[in-house]
Amino acid sequence: RHGDEVFQYYMGQGTTHGIFDPHNPDGVGQVFRLVQRRDRFIAAAAGSKGGRFLTPLLQPHPEARALEVNIDCQGLGEAFVQIRDAAGRPLPGFLREDCDPIDLNQLRHVVTWRGQGDLAPLRGGPIRLEFFLRSARLYTFAFGRDANAAGRR
């Protein structure tokens, strides 16, 4: 791991396993490096027609102040988040319509609703997150403690 990137090394060679002639220059291999952004191994993805998913019940830490997403909206994509209570009802102030559009490629973007990212009003009970994606890949989400970083890019 190097900062926000993961380096993976592998070897490639012009021969198959078990057939190696050290006098054949075409059989000499090379070591390659693959560079991947941190925490981007698996994603929930939606194409241009869009998609949505609902998380199981989550119990954020009592000190959680913000929702951070690791997301890639691929230029023309976008995402929205709606928060529901334990019974599945959308919570006022955290509706999809209130969510500021997410339309970027960011490892740690703080989700905001009408410019506010503070989740303090939700303390105490379990919640569900409902993600709406179009031409986007959501890799991770996490509850953080820095609601003042809202909208950072």
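Look above for the structure.
*Asks:* Can you tell me about the overall build of the chain, naming the residues and giving the values?
*Replies:* A tally of helices and strands in the chain yields 0 helices and 9 strands. Each helix and strand of the chain, ordered N terminal to C terminal, gives the series β-β-β-β-β-β-β-β-β. A fraction of 78% describes how many contacts in the chain between residues 6 or more apart in sequence connect residues 24 or more apart. As presented, the chain carries roughly 9300 Å² of accessible surface, and 51% of it is formed by carbon and sulfur atoms.

*Asks:* How would you summarise unusual backbone geometry if you had to cite specific residues and measurements?
*Replies:* In this structure, Arg114 takes a positive phi of about 50° despite not being glycine. Relative accessible area serves as the criterion here: at 61%, Arg114 is assigned to the exposed category. Look at Ser135: it is not a glycine, yet its phi comes out positive at around 50°. The exposure class of Ser135 is buried, given its relative accessible area of 15%.

*Asks:* Residue-level account of a nonpolar patch on the surface, with values.
*Replies:* A cluster of nonpolar side chains, contributed by Tyr9, Met11 and Val31, occupies part of the molecular surface with about 380 Å² of accessible area. Within the secondary structure, Val31 sits in strand E2 (residues 30-37).

*Asks:* Just give me the short version of the pattern of salt bridges, but keep the residues and values in it.
*Replies:* Applying the stated criterion across every chain, the model contains 6 salt bridges. One salt bridge in this structure joins Asp118 and Arg65, with 2.7 Å as the shortest N-O distance. Here Asp118, found in the loop between strand E7 (105-110) and strand E8 (127-134), pairs with Arg65, found in the loop between strand E4 (51-54) and strand E5 (66-72); they are 53 residues apart in sequence, far enough to count as distant. Owing to a relative accessible area of 31%, Arg65 belongs among the partly exposed residues under this scheme.

*Asks:* Give me the nonpolar core: which residues, what numbers.
*Replies:* Counting 26 residues, the largest nonpolar core has Ile71, Val81, Ile83, Ile102, Val111, Trp113 and Leu129 as its most contacted members. Of all the elements in the fold, those that place two or more residues in this core are E5, strand E6 (78-85), E8 and strand E9 (136-144). Per-element accounting of this core gives the leading share, 5 residues, to E8. In contact with Ile83, other than residues within four places in its own chain, are Arg89, Pro90, Leu91, Phe94, Trp113, Leu119, Leu122, Ile127, Arg128 and Leu129.

*Asks:* Lay out the side chain of Thr112 in plain terms, naming residues and giving numbers.
*Replies:* Secondary-structure assignment places Thr112 in the loop between E7 and E8. Classification of Thr112 as buried rests on a relative accessible area of 9%. Here Asp100 takes part through its side chain, which lies 2.5 Å from a polar atom of the side chain of Thr112.

Conventions used here
- Residues numbered from 1 in each chain as written.
- Predicted model: local features only at pLDDT ≥ 70, side-chain atom pairs only at ≥ 80, totals over all residues.
- Heavy atoms only, no water.
- Helix = DSSP H or I, 4+ residues; strand = E, 2+ residues; numbered from the N terminus.
- Contact = heavy atoms within 4.5 Å.
- Areas by Shrake-Rupley, 256 points an atom, 1.4 Å probe, with all protein chains shown as cover.
- Buried < 20%, exposed > 50% of the residue type's maximum accessible area, 1.4 Å probe, protein only.
- Patch = residues over 30% accessible without salt bridge, like charges linked within 9 Å, V, L, I, M, F, W, Y side chains within 5 Å.
- Salt bridge = Lys/Arg side-chain N within 4 Å of Asp/Glu carboxyl O.
- Core = buried A, V, L, I, M, F, W, Y, C linked by side-chain atoms within 4.5 Å.
- Polar contact = N/O pair within 3.5 Å; in protein donor to acceptor, adjacent residues only side chain to side chain.

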